[in-house]
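Close look at the chain arrangement
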Amino acid sequence: MSEAVARAADEVADRFRELYGSAPEGVWAAPGRVNLIGEHTDYNDGFVMPFALPHTTVAAVARREDGRLRLHSADIDAAPVELTLDELAPESDKGWTAYPAGVVWALREAGHEIDGADIHLASTVPSGAGLSSSAALEVVVALALNDLYALGLRGWQLARLCQRAENVYVGAPTGIMDQTASACCEDGHALFLDTRDLSQKQIPFDLAAEGMRLLVVDTQVKHAHSDGEYGKRRAGCEKGAALLGVDALRDVAYEELDAALDRLGDEEEVRRLVRHVVTEDQRVERVVSLLESGDTRGIGPVLTEGHASLRDDFRISCPELDMVVDTALATGALGARMTGGGFGGSAIVLVEEATVAPLTAAVEAAFAQAGFTAPRTFTAVPSPGAHRVR
Ligand code: GAF
């Protein structure tokens, strides 16, 4: 376990005692994620390849027997929020508590007996940065309750319940990638996930050993998934699948893409969405085979292609994300692209170790010159998925 997580666990346990007057029964951690490749493919039954970040949400938790749920976050300077389990209702809450409360609601709705809980949370996952702070929050609560109530659910089952919490309780129409990444990723690996059946393959991903780094550049442009544009893309993809007579765009083979696009006739917007999803699935498969054949540097151009597709076909980039990508490529990056849902958030940059400093400086200078808020850059190291800390 990392020292940072151990320290965070001590802090949440201490604060839990102050807030609730007794010790927690345990402390759990769940990470944010960065997605290497496979964007907006998850709700099309396609492929994704995220890995867990060292940034985590930690939760100190104890059961209650009175049907009450008490929630507190280290970020909020107020008393715990108190809820009654029987009164939890979808879309009744627009604040941060909707995520943990939604998980409790989804567990109970699925027939699991949860009698109540006291929860104190703290997170180092930047919020609104496209790094899955919401999924980390959901998964840590799901895992803690799974352990305490001995529900016996596996990581992918918890991910499905967390997705349901987000879709139905919170009201954000997201896919399954982020929750599965947080629940199932492994230290030192990227997760090749088939979102249709949640089958998984852990792919070793140790860039430092090969003299490279993956930088995450948080543009500081906040994004939100419930605000419409994400849902519109999802609806457009579903329309494309319906027009093509398939269950999901995953079922359109890359080799049949041109014929499929012809069949879409003058549905120009749907054509662009379909082209992105089908080519993106193929990019994930290319990245997997490049990594498996030991050609890690070869994935750079594939990442960059992915950015062009998200920018031009899916149309979810923004000037700040494009600036990171363009500046990084002009400064010698092996590849770069936006990551996550889009409309802000973060970009990733694959770079030789020696280029990290000049590239970071060039991106900062470009942002300053454009009058953009200064970006925050860190090196992403594949880290453990959700686990019990103590
Ligand atoms: C967000 C969603 F939550 C994911 O499900 C996924 O669709 C992603 O955007 C885009 O790949 O993170």
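Keep in mind that what you see is a predicted model, and the values were worked out from it rather than measured. (Residues numbered from 1 in each chain as written. Predicted model: local features only at pLDDT ≥ 70, side-chain atom pairs only at ≥ 80, totals over all residues.)

1. Brief notes about the site of the ligand
Short version of the rule: The criterion for a residue being near a molecule or strand is simple: its C-beta atom, placed using the backbone, must lie within 6 Å of it. Note on residue classes: Ala, Val, Leu, Ile, Met, Phe, Trp, Tyr, Cys and Pro are nonpolar, Asp, Glu, Lys and Arg are charged, and everything else, Gly too, is polar. For the purposes of this description, domain bounds are those given by an automatic or database domain assignment.
Lining the immediate surroundings of the ligand are twelve residues, of which Glu39, Thr174, Gly175, Met177 and Gly341 lie closest. A breakdown of the residues in the shell around the ligand according to their chemical character gives two nonpolar, seven polar and three charged. In this structure, the shell around the ligand is formed jointly by two domains, domain 1 (3-203 + 383-388) and domain 2 (207-379), each of which donates at least three residues.

2. Remarks on the domain arrangement of the chain
The line we're drawing: Helix numbering and strand numbering both begin at the N terminus, where a helix is a DSSP run of H or I of at least 4 residues and a strand a DSSP run of E of at least 2.
Under the domain assignment, the chain is made up of domain 1 (3-203 + 383-388) and domain 2 (207-379). Between domain 1 and domain 2, the C-alpha centre-to-centre distance is 26 Å. Those elements giving two or more residues to the side of domain 1 that touches domain 2 turn out to be strand S1 (26-35) and strand S2 (47-48). Classifying every residue of the side of domain 1 that touches domain 2 gives 15 nonpolar, ten polar and three charged.

3. Description of the sheet that holds strand S8 (residues 199-204)
Let me state the cut-off plainly: If DSSP finds at least two bridges between two strands, the strands pair.
Taken in spatial order, the three strands make up an open sheet running S2-S7-S8, and their pairing is antiparallel. Each edge of the open sheet is held by one strand with a lone partner, namely S2 and S8. Where strand S7 (residues 189-194) and S8 come together, six bridges link them in antiparallel fashion. Its bridge partner being in S8, Leu191 is matched across the sheet by Gln202.

4. Description of the UniProt feature "domain: GHMP kinase N-terminal" (unreviewed entry) in the chain
Note the cut-off: UniProt positions are given in the numbering used here, feature names are shortened, and annotations may be inferred rather than shown by experiment.
The sites that carry the UniProt feature "domain: GHMP kinase N-terminal" (unreviewed entry) are, in the present numbering, residues 99-184. Annotation note: span residues 99-184, helix share 59%, strand share 8%, distance between end C-alpha atoms 19 Å.

5. Some thoughts on the nonpolar core
Filter applied, for reference: By our criterion, buried Ala, Val, Leu, Ile, Met, Phe, Trp, Tyr and Cys residues that link up through C-beta atoms within 7 Å make up a nonpolar core. Three classes are used. A residue is buried when 20 or more other C-beta atoms lie within 10 Å of its own, exposed when 12 or fewer do, and partly exposed in between, with C-beta atoms placed from the backbone.
Membership of the largest hydrophobic core comes to 113 residues, with the highest contact counts inside it found for Trp28, Ala59, Val139, Val140 and Val349. A total of ten residues in this core trace back to one element, the largest contributor, which is helix H3 (residues 133-148). Of the residues that make up this core, three or more belong to each of domain 1 (3-203 + 383-388) and domain 2 (207-379).

6. As for the environment of Met177
Let me state the cut-off plainly: For every residue pair, C-beta atoms are placed from the backbone, and the pair is scored as a contact if these atoms sit within 7 Å.
Relative to the assigned elements, Met177 resides in helix H5 (residues 177-184). Here Met177 is in contact with Asn35, Asp42, Val48, Pro50, Leu193 and Thr195, once residues within four sequence places are set aside.

7. Overview of the UniProt feature "active site" (unreviewed entry) in the chain
Feature annotation in UniProt places "active site" (unreviewed entry) on Asp178, given in this structure's numbering. For Asp178, the position within the fold is in helix H5. The class for Asp178 is buried, based on 31 C-beta atoms found within 10 Å. Contacts of Asp178, omitting those with residues within four sequence positions, involve Arg33, Ser132 and Ala135.

8. Regarding the packing of H3 against helix H4 (residues 155-170)
Heads up, the rule is: Lines are fitted to the C-alpha atoms to define the axes, a helix being fitted only along its stretch in contact, and any angle between axes, read from their N-to-C directions, falls within 0 to 180 degrees. When an angle is under 35 degrees it counts as roughly parallel; over 145 it counts as roughly antiparallel; between 65 and 115 it counts as roughly perpendicular; any other value is oblique. For any helix crossing, the convention is left-handed if the near helix is rotated counterclockwise from the far helix by under a right angle, and right-handed if that rotation is clockwise.
At their nearest, the axes of H3 and H4 sit 9 Å apart, and the two run at 125° to each other. Between H3 and H4, the crossing angle belongs to the class labelled oblique. The hand of the H3/H4 crossing is right-handed. Where H3 abuts H4, its residues Ser134, Ala135, Glu138, Val139, Ala142, Leu143 and Asn146 lie against Leu158, Leu161, Cys162, Ala165 and Glu166. Residues of the contact of H3 with H4, tallied by class, amount to eight nonpolar, two polar and two charged.

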